[in-house]
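These are the residues of each chain, in order.
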Amino acid sequence: MQDDPRIEPLLRVENLSKRYASPVLREINLEIMPGEVHALMGANGAGKSTLARILCGLTIPDGGRLFRSGKSFAPQNKRDAQTAGVIMVMQELNLLSTLSVAENIFLDRLPQRAGFICQQQLTRMAVEALQRVGLSDLLPSTIVGTLGMGVRQLLEIAAALARRCQVLILDEPTAALTQREVDLLFSNIRRLQADGVGILYISHRMDEIRSIASRVSVLRDGACVAQYPTGDVNPNQFIRDMSGGESTFVLPRVKKNKFRSTVLTVEKLCVGVRIREVSFSLRSGEILGLAGLVGSGRTLTLRALFGAVRATSGSVTVGEGASGLFTHPSQAVAAGMGMVPEDRRHDALLLSQSVRVNATLSTLPIHSKRGWLNVHSERHSTNRLCDRLKIACKTPEQTVDELSGGNQQKVSLGRWLERSCEVLLCDEPTRGVDAASKASIHNLLRNVAAEGTGVLVVSSELSELFSLCDRILVMSNGRMTGEFTADNWSEEVIHAAAFKGLSTAHRESVT
Amino acid sequence: MRTILFAMRVLAFCLIASGCAPKEVDHNAPVTGKTPCIALIMKSLANEFFSTMAEGARKHHNDNKKTYDLVVNGMKNETDFSEQVTLIEQMVARSVQSIVIAPADSKAIIPALKRARDAGVLVINIDNRLDPNVLIEVGLTIPFVGPDNWEGAKKAGEAVARMLTKGDSVAIVEGIPTAMNSQERCRGLRDAMNDAGMNIVSSQSGQWEMEKANSIAAAMLSEYPSLKAILCANDSMALGVVAAVAASGRSADVKVTGFDNTSAVGEMIVNGRIVATVDQHGDQLAVHGIEIALSVLAGNSTPKDTTTAVDLVMRKDAR
Amino acid sequence: MKILKDHGDTVGILAVWILLVLLFGVLSDHFLSANTLTTLAGRIPALTVIAAGMTLVLIVGGIDLSVGSVLGLSSAVLGLLMVDWKVPLVISAPIAIVVGMLAGTVNGLFTVGLRIPSFLVTLGMLEICRGAAYLVTRSQTKYIGASVEPLASMLPGTTFPISFFLSVGVVVGLQVLLEKTILGRHIVAIGTNEHAVRLAGIDPRPAKILVFLVCGTCAGVGSLFHCARLGSADPNAGSGMELAAIAAVVIGGTSLLGGRGSVIKTFIGVLIVATLEAGLAQIGASEPLKRVVTGAVIIAAVSVDVFRRRCIGENV
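Quick caveat: nothing in here was measured; it's all calculated off a predicted structure. (Residues numbered from 1 in each chain as written. Chains lettered and ligands numbered in written order. Predicted model: local features only at pLDDT ≥ 70, side-chain atom pairs only at ≥ 80, totals over all residues. Heavy atoms only, no water.)

(A) How the structure looks around the confidence of the model for chain A. Residue and element names in this part refer to chain A. Mean pLDDT over chain A stands at 83; residues scoring 70 or higher make up 89%. pLDDT under 50 marks residues 245-254. Its contacts with residues more than four places away, or in other chains, come to 14 contacts. For residues 504-511, every residue scores under 50 in pLDDT, and the model assigns this stretch 16 contacts once sequence neighbours within four places are set aside. (pLDDT = per-residue confidence, 0-100. Contact = heavy atoms within 4.5 Å.)

(B) Structural context of the packing of aromatic side chains. In this structure the tally under the stated criterion is eight aromatic pairs over all chains. Ring geometry for F160 of chain C against F165 of chain C: centres 6.3 Å apart, planes inclined by 45°, an arrangement best described as tilted. Among the residues examined, F165 of chain C registers a relative accessible area of 34% and is labelled partly exposed. Ring plane angle 50° and centroid distance 6.5 Å describe the contact between F164 of chain C and F267 of chain C, whose orientation is recorded as tilted. One end of the pair, F164 of chain C, is in helix 8 (residues 162-180); the other, F267 of chain C, is in helix 12 (residues 263-282), and 103 residues separate them in sequence. One Lys or Arg, R12 of chain A, reaches over the ring of F67 of chain A and ends 4.7 Å from the middle of that ring. Looking at R185 of chain B, its charged tip hangs above the ring of F259 of chain B, at a distance of 4.0 Å from the centre. (Phe/Tyr/Trp six-rings, centres within 6.5 Å; stacked < 30°, edge-to-face > 60°. Buried < 20%, exposed > 50% of the residue type's maximum accessible area, 1.4 Å probe, protein only. Helix = DSSP H or I, 4+ residues; strand = E, 2+ residues; numbered from the N terminus. Lys NZ or Arg CZ within 6 Å of the ring centre and 35° of its normal.)

(C) Main features of the interface of chain C and chain B. Every contact between the two is made by 38 residues of chain C and, on the other side, 36 residues of chain B. Together, the buried faces of chain C and chain B total about 3,300 Å²; carbon and sulfur atoms form 52% of this surface. In terms of surface lost to chain B, no three residues of chain C exceed W85, R138 and Y143 of chain C, which account for 21% of the buried area on that side. With a closest N to O distance of 2.5 Å, E211 of chain B and R229 of chain C form a salt bridge. Linking chain C with chain B are 11 residue pairs in polar contact (both at pLDDT 80 or more). Among the elements of the structure, helix 3 (34-43), helix 5 (67-84), helix 7 (118-137), helix 10 (204-230), helix 12 and helix 13 (287-311) of chain C are those that each provide at least two residues to the side of chain C that touches chain B. Class assignment of the residues belonging to the side of chain C that touches chain B gives a composition of 12 nonpolar, 14 polar and 12 charged. (Buried area = accessible area lost by both parts, 1.4 Å probe. Salt bridge = Lys/Arg side-chain N within 4 Å of Asp/Glu carboxyl O. Polar contact = N/O pair within 3.5 Å; in protein donor to acceptor, adjacent residues only side chain to side chain. Nonpolar A, V, L, I, M, F, W, Y, C, P; charged D, E, K, R; others polar.)

(D) Summary view of the interface of chain A and chain C. Chain A puts 34 residues into the contact, and the matching count from chain C is 24 residues. Counting each side, the surface lost to burial between chain A and chain C is near 2,200 Å², with a carbon and sulfur contribution of 60%. If you sort the residues of chain A by the area they bury against chain C, H328, L361 and L373 of chain A come out on top, with a joint share of 23%. Put simply, chain A and chain C have one salt bridge between them.

(E) Looking closely at the sheet that holds strand 6 (residues 86-89) of chain A. All names here are of chain A. An order of 6-9-10-3-11-12 is seen for the six strands of this open sheet, with the pairing classed as mixed. Bordering the open sheet on either side are strand 6 and strand 12 (223-229), each of which pairs with just one other strand. Here the average twist between neighbouring strands, direction ignored, is 20°. Note: strand 3 (residues 37-41) against strand 10 (residues 198-202), four bridges, orientation parallel. Directly across from A39, in strand 10, lies its bridge partner Y201. Docked against the sheet, helix 6 (residues 179-194) engages strand 3, strand 9 (167-171) and strand 10, running at close to 145° with respect to strand 10. (Pairing = 2+ DSSP bridges. Axes fitted to C-alpha atoms, helices over the stretch in contact; angles between N-to-C directions.)

(F) Representation of helix 6 (residues 89-113) of chain C in the model. Taking 1.5 Å per residue, 25 residues should reach 36 Å; helix 6 of chain C reaches 35 Å between its end C-alpha atoms and fits that length. Looking at the residues trailing helix 6 of chain C, positive phi occurs at R115 of chain C, about 50°. (Expected span 1.5 Å × (residues − 1).)

(G) Looking closely at the packing of helix 8 (residues 210-223) of chain B against helix 10 of chain C. Put simply, helix 8 of chain B and helix 10 of chain C touch, their axes get as near as 11 Å, and they point 60° apart. As far as their axial angle goes, helix 10 of chain C and helix 8 of chain B are oblique. Pair helix 8 of chain B / helix 10 of chain C crosses with left-handed handedness. Every residue of helix 10 of chain C that contacts helix 8 of chain B at M210, E211, N214 and S215 of chain B is listed here: H226, R229 and L230 of chain C. (Parallel < 35°, antiparallel > 145°, perpendicular 65-115°, else oblique. Left-handed = near helix turned anticlockwise from the far one by under 90°.)

(H) Local environment of the confidence of the model for chain C. Residues and elements named next belong to chain C. Mean pLDDT for chain C: 90, with 96% of residues reaching 70 or above. Within chain C, helix 1 (residues 2-6) has the poorest average pLDDT of any element, 52, and helix 4 (residues 45-59) the best, 97. The ipTM assigned to the predicted complex is 0.87, against a pTM of 0.76.

Structure (structure tokens):
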């Protein structure tokens, strides 16, 4: 149907080019038809985000033309694009954490009377918008800062849907979502499709693309290298196109580690009412997965045992150390823990600083003598790290902000490799990361475990946990509701456990 | 022992600075009995000149406790007249009999003083004269008790002119340009210089501050190698200028004058690094104002302007 | 060429200073002279050390509004000790420095311990120290005289005062601290993203307290230079100096948001501020004009820096 020449595409991209220091987009051609979900794939740095930014007016192209339903379209800013009905949901969230849910959704067009916000109308509009993304239980007056990442992602989508929107650009929309939320999002996308909205869907996840998109364009180094209906190809085809022929995606193989001593024991850990009596242990060389819905308390558990959040009771024992609770992350690190946080830009990286400064942040004592730094030793170690993790940076002095998401994540992870941690906590280690980086991060975690570290991985992607972990714990509504090994796990049993705690509880207590 | 003494001194000063004896703690209580209450409103008590003035007034009050009650108020920032307006209003609300005020601004304070007068409060103007034109405009006569800044500055100027030869280069360091007393002093200095045929090569503001005056003087000394004298509108600035002159190694050639006769310049006058300053008897200024207020309140006299003495201070009669 | 690449911004701001010097050289007959340079070197030491301390505070993501008042209090204490109690300089100078250090430590403890924004804590400290300075001196300027002036006398064999060399020493010392030590790295990292530093297993609190301590100490040292130059201790000393210091630091390219800055460039910023003041006085500019020009130069210098960063694609 989309090939029917009589139907004008909603959005047509002709020979679009953009260059900064080097070309990032080369003569891209693309069409989005009414009711079509057009997927855009490519490794990080292939130009997907730049293309999306041009379409929604955040970046001005150097060459080529855009047509919106046949009319020339050259958005100079976000508002131009919005007026033309082109709206993007960003990968990095743009919500203001001190404002309420309702205010965030309607921030630039708050209903007002003589300059005063009309609260009732705002609430009514917000409830409608939230219902559309299945968050009907969320109070519009909730402050966004108190919500988890998954809910925030849905809010962004709700905000976009609340506008008169003809072309919706979704950049990695499912990165922070659980399966249930993904299903919800997809049903929304299908509804929009039925309304004739065109969707540009940027994602790394092949199964998602195959289930939702009708056509896929593959970008590599700024050029569009392939375009085909999604039904026609297998995953290896995508990988080949994205990486230039050679497949870097190796199907994971679970290697049985020999577990030695217990390196982490958590007993009856509680954080208010949000985490209730969580107990488990982790052995040397083991990779332990922590599954559950977004908001089930996985991240909070990690933070509480790392000392980043005050636990109310319980005890944590690292290796041979004393049992107790850490009140500051520095104590946890001193005891041999490391943590790779979920939100790398906010919680892990010093964005405006160099790769070197970021990579050596936790290991400065190694690179110094009596408080005096040895920059040479830092550079040496950073270079070694870049080689080992295949971090694509020009020099160790390049700022981390300039790296792609996957490389940033590797830096955040690499920080802990120079010191031999007994326990490494990873919160969504591959969120928003391209397939190649993902595979290398997985390999890395396996190596770290093989060297004797106990690794605890929180992930919303079950396939990731299945391929990576020796054992999976499931949390639901702040409690531990299941423990599985490769012998008895399946998506079904894990989902069942993840919903266990919710059967009687209310949804609010989860978010 | 020293520290204890010091601590007691600080404590005592705090008590005095809070402005009232214990019986005056309740600020809102109406003043009863026959003793009139006089409010002294100053500029910044952080300025030595005004703290001396306040101390003089307190001493006078201590000696005449039976005759009147005294409330002393100062402000934080010399140029912030709005704070003074607030003080005037507070004092009127406290129903004092008289306000003796050193205005922070010659004009802007007048409406508030008019309201005070309308409320039946006697107002005496000390130190810095209220603008006569504005006073006429609002139909107010407020007696002024204070020194003639012009005359004092002219005396200092004439004294230094006698040490120079006709046609010598001199420079003036002004106070805050909008302040009436700075303008008067500079006019006095200029008149003295012009009468003696001196050449004024530069006249810039040191903002009444030592550090600013030091920078200005350093620049003047670089720019005018033939400079023979720098005349300052107050002593604080004169101290800064002396340091600049010393730094340029021209102490022998360049004469410096000040104004106010503060304690810090005493030694400077003795060793000749400042050749002249002017004593306007700041400690007695408020006392004069209070005495006139008391005499008018007692019905002994009618309010009229009074000029207080200004004396030239030079080496032979330095303290 | 490599120097230009690595230190392009330093060269840029140095060029601004040289341009300013040349400009005043054209406008005034006597500006371009050894004498002017000596005068300049004499007047900047106090501002230099204070701005150097302030640089660290801004890099760590805070602000210290109290430095001017702390300088006033330290001066007052020095005056009290030397004039009223006849304590020699070698004893009273360290005491004056300790006064500054204590004020800075209190700033740091309250900012970090109670998590009150440093803006508010130091605003309070500004008032406390100024008030204390008036109390200590009973609002009187203390004339100290020759006993304090050795600090401002010329270093033998040069035409620059000792205080100038000491202040340059402080600048170099703090720059080395910033670049070459773990503490310095922590300071920069905390200013960039304190949250991330915490999660990287570093306790940011000691470093933050230390930065405020250093800044207060700098104000104490500044008070010595200030008193030495003027030969007197003035309780009004340093009023408004916090703004001059912040201006110099910002002209030097340090970010008010933290995480980026250099003490060396702050020093050039101080030179620019001081040269401007000296030059305008030397050409006899009127007071209003001085203020307008000074303000314009601050905005211009910062704009040039921001523009240059944008050009090379840095995030500002």
